[in-house]
Amino acid sequence: MPLKRCGWCGEDELYQHYHDVEWGVPCFDDAILFEFLLLEGAQAGLSWITVLRKRENYRKALSGFNAAKIARFTPAKVEKLLEDPGIIRNRLKVQSAIRNAKAYLKIQQQHGTFSDYIWQFVDGAPIQNRWKTMSQVPASTPESDAMSKQLKKDGFNFVGTTICYAYMQSMGMVNDHLVDCFRYKECKTHQENPSLGRH
């Protein structure tokens, strides 16, 4: 019997692997949280699979998602990135990565970890949903509204509420696997025992 998955990952093997392994698993690792913050921003207006296919190219282009290095990117580096066909060549998005790296480093200084900062929007624990159909899954919530507002206040951009909610889903801050998806219970286990999450 084929595995029952959430419908959004379709038949694409890369998409299915992402769904099966990463999506919805609670993440408390600052480096991964930062990587996905940049990738979600790059995704704005596009499909997630487009970004997923370029993920390794982004890793090379953005110095392994090293925030300290990205924060020091020069205007000349921006121009070079805009010539790189392996990433989404949008000037605002490239500049946003630099801006967000600087804001991220500042948050780490103020809060100790970015994880502590970002998880405050769900009171430090994943929200457990019980959706039966994809049409029930919201595009945003009061929690993503609050996250978006605070992130913007703290200097981030490309962090609208819809992007923030997609980020919350991917980082396991909410369990939005459908209840009949084989990953629903697995992610619920991760969420009930945070030590099983990504650290």
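Overview of the structure. Values in this document were obtained by computation on a predicted structure and should not be read as measured data.

**Thoughts on the overall build of the protein**
At step 1: A tally of helices and strands in the protein yields 11 helices and two strands.
At step 2: Counting from the amino terminus, the protein carries its helices and strands in the arrangement α-α-α-α-α-α-α-α-β-α-α-β-α.
At step 3: Relative to a compact globule of 199 residues, whose C-alpha radius of gyration would be 16 Å, the protein shows 17 Å and is just as compact.
At step 4: Along the three orthogonal principal directions, the C-alpha set of the protein runs to about 50 × 35 × 25 Å.
At step 5: Considering the protein as a whole, with its 199 residues, one finds that 48% of them fall into the buried category.
At step 6: For the protein, restricting intrachain contacts to residue pairs at least 6 apart in sequence, the fraction spanning at least 24 positions comes to 68%.
At step 7: Averaging the coordinates of the 26 positive side-chain charges in the protein and doing the same for the 22 negative ones gives two points 5 Å apart.

**Looking at helix 10 (residues 161-170)**
At step 1: Most of helix 10 is tucked away: seven of the 10 residues are buried.
At step 2: Those residues of helix 10 that sit buried are Ile163, Cys164, Tyr165, Tyr167, Met168, Gln169 and Ser170.
At step 3: At its buried positions, helix 10 is contacted by helix 1 (13-21), helix 2 (30-43), helix 8 (114-119), helix 9 (142-153) and strand 2 (174-175).

**Some points on the nonpolar core**
At step 1: If you look at the biggest cluster of nonpolar residues, it comprises 54 residues, and the most contacted ones within it are Phe114, Ile118, Met147, Phe156 and Tyr167.
At step 2: Apart from the residues within four sequence positions on either side, phenylalanine 114 is in contact with Asp30, Leu33, Leu37, Tyr104, Ile107, Gln108, Phe156 and Tyr167.

**Some points on the packing of helix 9 against helix 10**
At step 1: Running from N to C, helix 9 and helix 10 cross one another at 115 degrees; their axes reach a closest spacing of 8 Å. In terms of orientation, helix 9 lies roughly perpendicular with respect to helix 10. Both helix 9 and helix 10 take part in a crossing whose hand is right-handed. Only Thr161, Cys164, Tyr165, Tyr167 and Met168 of helix 10 make contact with helix 9, whose side of the interface consists of Glu143, Ser144, Asp145, Met147, Ser148 and Leu151.
At step 2: For the contact of helix 9 with helix 10, the per-class residue count stands at six nonpolar, three polar and two charged.

What counts and how
Residues numbered from 1 in each chain as written. Predicted model: local features only at pLDDT ≥ 70, side-chain atom pairs only at ≥ 80, totals over all residues. Heavy atoms only, no water. Helix = DSSP H or I, 4+ residues; strand = E, 2+ residues; numbered from the N terminus. Rg over C-alpha atoms; globule rule 2.2 N^0.38 Å. Buried < 20%, exposed > 50% of the residue type's maximum accessible area, 1.4 Å probe, protein only. Contact = heavy atoms within 4.5 Å. Lys, Arg positive; Asp, Glu negative; His and termini not counted. Charge placed at Lys NZ, Arg CZ, Asp CG, Glu CD. Core = buried A, V, L, I, M, F, W, Y, C linked by side-chain atoms within 4.5 Å. Axes fitted to C-alpha atoms, helices over the stretch in contact; angles between N-to-C directions. Parallel < 35°, antiparallel > 145°, perpendicular 65-115°, else oblique. Left-handed = near helix turned anticlockwise from the far one by under 90°. Nonpolar A, V, L, I, M, F, W, Y, C, P; charged D, E, K, R; others polar.

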